[in-house]
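Now for the letters of each chain:
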Amino acid sequence: MGLFDGVLKDSESLFKEELALDFEYQPKLLKFRENEQFQIASSIKPLFQKRNGCNVFITGKPGIGKTVATKHVLTEIEQETNDILPIYVNCWQKDTSFKIILSICDSIGYKFTQNKNTDELWGDVSKILNKRSSVIVLDEIDKVQDYHILYSLLEDLYRKSILLITNDKEFLSSLDKRILSRLIPETIEFKPYNDKETYEILKNRAEVALVKNVLTEESLRLISEKSFEMRDIRVGLFLVREAGNIAEQRLKKKIEKEEAEKAIEKLADFKIKNSSSLTEEQDKILNLIKENNGKTTTEIHKLLENDISYRTFFRKLKELEEGNLISMKEENIGPGKKTTVNFGSTKKLDEF
Ligand SMILES: Nc1ncnc2c1ncn2[C@@H]1O[C@H](COP(=O)(O)OP(=O)(O)O)[C@@H](O)[C@H]1O
Ligand SMILES: [Mg+2]
């Protein structure tokens with residue numbers, strides 16, 4: 001009997017392709033979003049006949065496949081034709097008109113960007129885009145600081161489909177009438193996956209990421225239940241990776257219930273890791289809150305040493321709250337009010 005048969009050797013790993021657990025990874029197989037992809041594709045179809053396409057407003061909670069489904073459609077366009085330029089911009093990172101245009105330059109391989117202002121650059125880019133048709137995806141559009149770019153895209157491009165993605169269902173109502181009357185988008189609302197779909201998706205991702213048979217059925221169930229509870233596939237991806245790491249630390253050849261449970265205990269970290277998509281400023285604010293748990297908004301704002309106005313600061317807090325990274329509580333004090341801020345979410349899971 002080998003006493004150490006179940007022990008993971010130095011050179012062994014439970015992961016086969018850990019990358020497949022990254023949130024940005026593009027899975028080959030994209031189940032359960034056929035309808036949504038079909039709807040997006042229908043809006044783009046007129047471009048194939050050299051007519052103008054329809055614009056699309058894509059909304060739904062975070063972590064339910066809006067980005068990945070849209071990117072899949074872009075990949076298909078790329079494989080299908082050279083007449084349509086598929087362009088994807090993430091507005092978390094590119095949050096001004098200028099940065100967005102630079103990112104478009106990057107996508108189309110236009111290099112003469114130096115010493116040009118927004119208008120000059122857009123002049124060059126729009127000429128190139130107008131030689132063909134284009135599908136332009138602005139993901140996380142609510143993070144853009146000024147919407148002038150939307151106006152330019154709508155006015156200056158002849159044949160295009162503009163796809164706007166955001167978790168904020170009410171986003172359109174924040175747009176100026178001039179933009180809205182030109183956009184007239186079709187809305188596609190993504191609904192969270194049900195429990196079976198969540199299970200299936202995570203099973204597939206784990207199969208790509210992990211060595212065969214290392215994830216026990218029981219662990220997978222625990223992980224997918226948690227992911228379903230939070231209506232966010234990223235939770236499940238985080239848990240598979242975390243449980244795998246814990247099992248490796250324990251030199252185990254299987255990821256069992258104990259590791260899945262331990263990983264679930266670390267879910268609070270997920271929220272922080274998840275904040276890697278935060279802007280530098282939000283990150284700074286989040287860290288301040290972490291160090292000053294329970295203080296009031298005014299107190300924390302003061303700690304920022306007037307880097308930003310209180311109004312901007314409060315808007316940032318709201319965004320962090322929406323992302324479940326912090327929670328805020330308003331209390332009456334004498335004639336006035338104060339709002340205290342806590343790191344992490346105090347919401348119950350079913351409120352997510
Ligand atoms: N149907 C699916 N099949 C495989 N992976 C999926 C599916 N739906 C979502 N995912 C994965 O879940 C994670 C979150 O999806 P994402 O598209 O980023 O969500 P959203 O844009 O709605 O916030 C990503 O890693 C994505 O690859
Ligand atoms: Mg997304």
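Residues numbered from 1 in each chain as written. Chains lettered and ligands numbered in written order. Predicted model: local features only at pLDDT ≥ 70, side-chain atom pairs only at ≥ 80, totals over all residues.

Along the chain, the regular secondary structure elements total 14 helices and seven strands. Overall, the C-alpha framework of the chain stretches about 75 × 65 × 40 Å when taken along its three principal axes. Across the 352 residues that make up the chain, the buried fraction comes to 32%. For the chain, the share of sequence-separated contacts (at least 6 apart) that also reach a separation of at least 24 residues comes to 71%. (Helix = DSSP H or I, 4+ residues; strand = E, 2+ residues; numbered from the N terminus. Buried ≥ 20, exposed ≤ 12 C-beta atoms within 10 Å, placed from the backbone. Contact = placed C-beta atoms within 7 Å.)

A few words now on the sheet that holds strand β3 (residues 133-139). Hydrogen bonds along the backbone pair up the strands of a sheet, which may run parallel or antiparallel. Overall, parallel pairing links the five strands, which are arranged β2-β3-β4-β1-β5 in an open sheet. On the outer flanks of this sheet lie β2 (84-90) and β5 (186-189), each paired with one strand and no other. With strand direction ignored, the average angle separating the axes of adjacent strands in the sheet is 15 degrees. Of the strands in this sheet, β1 (56-59), β2, β3 and β4 (160-166) touch helix α2 (residues 66-80), which is tilted by about 155 degrees from β2. (Pairing = 2+ DSSP bridges. Axes fitted to C-alpha atoms, helices over the stretch in contact; angles between N-to-C directions.)

In this model, the chain carries an average pLDDT of 90, and 94% of its residues clear a pLDDT of 70 or more. Here residues 347-352 is modelled with pLDDT under 50, and outside its nearest four sequence neighbours on either side it reaches eight contacts, counting other chains as well. (pLDDT = per-residue confidence, 0-100.)

Turning next to the nonpolar core. Counting residues in each nonpolar core, the largest one holds 36 residues, and the members touching the most others are V135, I136, V137, L163 and L164. Apart from the residues within four sequence positions on either side, L164 is in contact with F57, I58, L138, I141 and P185. With 28 residues, the next largest nonpolar core counts A20, L237, L239 and A260 among its residues. (Core = buried A, V, L, I, M, F, W, Y, C linked by C-beta atoms within 7 Å.)

Before going further, it helps to spend a moment on the site of ligand 1. The environment of ligand 1 is formed by 19 residues, the closest being G65, K66, T67, V68 and I233. Listed by contribution, the elements that provide at least two residues to the shell around ligand 1 are α2, α7 (195-209) and α9 (233-249). Residues belonging to the shell around ligand 1 are distributed by class as follows: eleven nonpolar, three polar and five charged. (Near = placed C-beta within 6 Å. Nonpolar A, V, L, I, M, F, W, Y, C, P; charged D, E, K, R; others polar.)

Below, the discussion takes up the packing of helix α8 (residues 217-229) against α9. Two numbers describe how α8 lies on α9: the axes approach to 8 Å, and their chain directions differ by 145 degrees. Taken as a pair, α8 and α9 cross one another with a handedness that is right-handed. Residues S219, I223, S224, K226 and S227 of α8 form the contact with α9, whose participating residues are I233, V235, G236, L239, V240 and A243. The class makeup of the residues in the contact of α8 with α9 is six nonpolar, four polar and one charged. (Left-handed = near helix turned anticlockwise from the far one by under 90°.)

With that out of the way, let us pick up the domain arrangement of the chain. Segmentation of the chain into domains returns domain 1 (18-22 + 194-272), domain 2 (34-189) and domain 3 (278-351). The C-alpha centroid of domain 3 is placed 32 Å from the C-alpha centroid of domain 2. (Domains from an automatic or database assignment.)

Moving on, we come to the packing of α8 against helix α10 (residues 257-265). With their axes 8 Å apart at the nearest point, α8 and α10 run at an angle of 20 degrees to one another. Considering their axes alone, α8 and α10 lie roughly parallel with respect to each other. By crossing handedness, the relation of α8 to α10 is classed as right-handed. Along the contact surface, α8 presents E218, S219, L222, I223 and K226, while α10 presents K257, E259, A260, E261 and I264. Here the residues of the contact of α8 with α10 sort into four nonpolar, one polar and five charged. (Parallel < 35°, antiparallel > 145°, perpendicular 65-115°, else oblique.)

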